[in-house]
Amino acid sequence: MTGFRRYLQTVWAIFRKDVQVEWRGRQGVPVMLVFSLLVVFLFNFALQLSPQLQSGLASGLLWVTLAFAATLGLNRSAALERENDALNGLMLAPVDRSAIFFGKTLSNLASTLLVAFILMPTISLFFGQNLLKPALFLVVILGTGAYTCLGTILSALSIQSRTRDVLLPVLLYPLALPILIAASEASRGILSGQTLGELQNWLYLLLACGILFTATGLLLFETILEE
Amino acid sequence: MPNKPLLLRVLDILSIILIPAALVLILFFTPEEATMGAVQKVFYFHVASAWAGMLSFVVAAGAGIGYLTTRDFKWDWLSLSAVEVGVVFGLVAIASGMIWAKPIWNVWWVWDPRLTTTAIMELLYLTYFILRSGLNTMETRARLAAVYAIISVITVPLTFLSIRLFRTIHPVVIAPTGSADFNMSPRMLVAFFASLVVFTILLADLIWNRYRLAALQAKINQGGN
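Residues numbered from 1 in each chain as written. Chains lettered and ligands numbered in written order. Predicted model: local features only at pLDDT ≥ 70, side-chain atom pairs only at ≥ 80, totals over all residues. Heavy atoms only, no water.

### A look at a nonpolar patch on the surface
All names here are of chain B.
Here is step 1: A cluster of nonpolar side chains, Leu6, Leu7, Val10 and Leu14, forms an exposed patch at the surface whose accessible area comes to about 370 Å².
Here is step 2: If you trace the backbone, Leu6 turns up in helix H1 (residues 6-29).
Here is step 3: By relative accessible area, Leu6 is classed as exposed at 67%. (Patch = residues over 30% accessible without salt bridge, like charges linked within 9 Å, V, L, I, M, F, W, Y side chains within 5 Å. Areas by Shrake-Rupley, 256 points an atom, 1.4 Å probe, with all protein chains shown as cover. Salt bridge = Lys/Arg side-chain N within 4 Å of Asp/Glu carboxyl O. Helix = DSSP H or I, 4+ residues; strand = E, 2+ residues; numbered from the N terminus. Buried < 20%, exposed > 50% of the residue type's maximum accessible area, 1.4 Å probe, protein only.)

### Observations concerning the pattern of salt bridges
All names here are of chain A.
Here is step 1: A full pass over the atoms with the stated rule returns eleven salt bridges over all chains.
Here is step 2: Of the charged contacts in the structure, one is a salt bridge between Glu83 and Arg76, with a shortest N-O distance of 3.7 Å.
Here is step 3: Salt bridges here are not isolated pairs; linked through shared partners, they connect Lys17, Asp18, Glu81 and Lys104.

### Section: the interface of chain B and chain A
Here is step 1: Each partner contributes residues to the interface: chain B has 29 residues there, and chain A has 29 residues.
Here is step 2: Interface of chain B and chain A: buried area, both sides summed, is about 2,600 Å²; carbon and sulfur atoms make up 78% of it.
Here is step 3: Ranking the residues of chain B by area buried against chain A places B:Ile151, B:Leu158 and B:Leu165 at the top, with a combined share of 21%.
Here is step 4: There are six residue pairs in polar contact (both at pLDDT 80 or more) connecting chain B and chain A.
Here is step 5: Listing elements by their share of the side of chain B that touches chain A, those giving two or more residues are helix H4 (113-133) and helix H5 (138-164) of chain B.
Here is step 6: A total of 15 residues in the side of chain B that touches chain A trace back to one element, the largest contributor, which is H5(B).
Here is step 7: Here the residues of the side of chain B that touches chain A sort into 16 nonpolar, ten polar and three charged. (Contact = heavy atoms within 4.5 Å. Buried area = accessible area lost by both parts, 1.4 Å probe. Polar contact = N/O pair within 3.5 Å; in protein donor to acceptor, adjacent residues only side chain to side chain. Nonpolar A, V, L, I, M, F, W, Y, C, P; charged D, E, K, R; others polar.)

### Looking at the state of the cysteines
Residue and element names in this part refer to chain A.
Here is step 1: Summed over the entire model, instances satisfying the criterion amount to zero disulfides over all chains.
Here is step 2: A disulfide-free cysteine, Cys209 has its sulfur positioned 11 Å from the sulfur of Cys149, the nearest such atom.
Here is step 3: A relative accessible area of 0% places Cys209 in the buried class. (Disulfide = S-S within 2.5 Å.)

Take it as geometry only, folks, not as evidence of what the structure does.
Next up, the structure:
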């Protein structure tokens with residue numbers, strides 16, 4: 001029991017460290033936020049959206065934008081550990097490596113969710129469709145949870161590469177495909193008035209992705225970080 | 001480098017003989033499909049190469065687990081060989097599917113979930129090479145490539161599960177009885193399973209040959225003796 005408490009304390013310490021760094025530097029979330037708003041506006045030009053099309057595209061827009069913005073945050077959070085060899089410091093700490101994984105995942109999830117919760121009313125405002133529905137919040141939490149979980153694993157992989165700045169999206173997008181498919185289908189269903197019961201297959205799939213990637217991180221994070 | 005093992009020679013010869021044999025079987029032994037006509041015959045090699053591609057990605061992940069548990073580079077060579085050969089089979093599956101789609105669907109490509117996810121899976125395994133090329137030491141390269149091969153094999157079934165939830169226009173071959181999209185005659189079944197077996201032999205042969213190449217490369221890099 002005390003072992004588990006210590007483990008949770010480690011997770012919390014890493015999460016707190018990341019939040020503190022972000023709060024003092026403010027280098028991650030604002031960039032993600034401005035970037036995602038830019039994507040929203042660029043989409044409008046690039047696709048020449050007519051008002052009827054706009055409302056149908058809201059869920060797809062939300063997920064593409066979130067996927068892009070989260071990559072920025074994940075890259076930033078991984079780069080943070082590389083600067084001044086902070087990663088070596090973390091690895092020297094006599095703690096379970098999977099605790100590092102959970103701490104980093106939580107902080108990445110927090111920043112992505114923050115962006116998502118600002119993005120949702122923004123898209124509602126500019127695209128004339130109400131995204132502020134409780135069911136959609138559930139899908140966003142499940143989807144970004146699974147996505148940041150996978151993203152954290154892969155960012156630990158990509159920072160060890162020479163091409164680290166560009167590698168993460170290439171690794172992440174194809175592997176995140178089931179998450180993105182399920183999340184955007186579930187969101188589309190909710191926005192077109194379906195109930196959660198009708199969409200349960202997609203929700204189960206999201207949940208399954210989340211559980212699988214958590215287990216993967218738990219098992220493989222140690223191997224990824226060893227030197 | 002020792003000479004080619006006898007079994008590998010046998011596999012080489014078998015592949016050389018059996019691929020044309022399967023082709024003869026498909027072209028002259030199977031009947032023409034009632035509605036699609038001769039173009040349906042692409043199906044045999046199409047499914048067989050898709051199968052070989054999938055199988056080799058599973059082999060790559062298995063070899064990844066092998067590397068992570070034993071830390072023997074031989075497993076890494078096997079994993080790399082399997083991904084490389086698998087990507088080629090994947091491309092063959094996509095290309096042959098397009099050849100079938102043009103007369104049947106009247107377009108080379110449809111944005112159907114099954115086709116799109118297969119194409120993305122192909123990109124996923126191309127990324128495997130990008131990942132490897134950016135890693136400096138042999139040890140890191142082998143370790144992270146193994147991790148990536150394992151994670152990939154976890155996601156691919158999830159993706160295929162997700163597209164089962166969509167309605168797809170891609171014919172479903174392996175389906176619960178009674179809902180089959182098209183029924184194969186006994187002769188078609190013979191040719192179908194023969195193609196699967198032949199492609200599995202070809203897959204084993206190619207992976208093994210590629211593995212020997214990787215072993216040779218490693219020997220040269222070490223200064224050779």
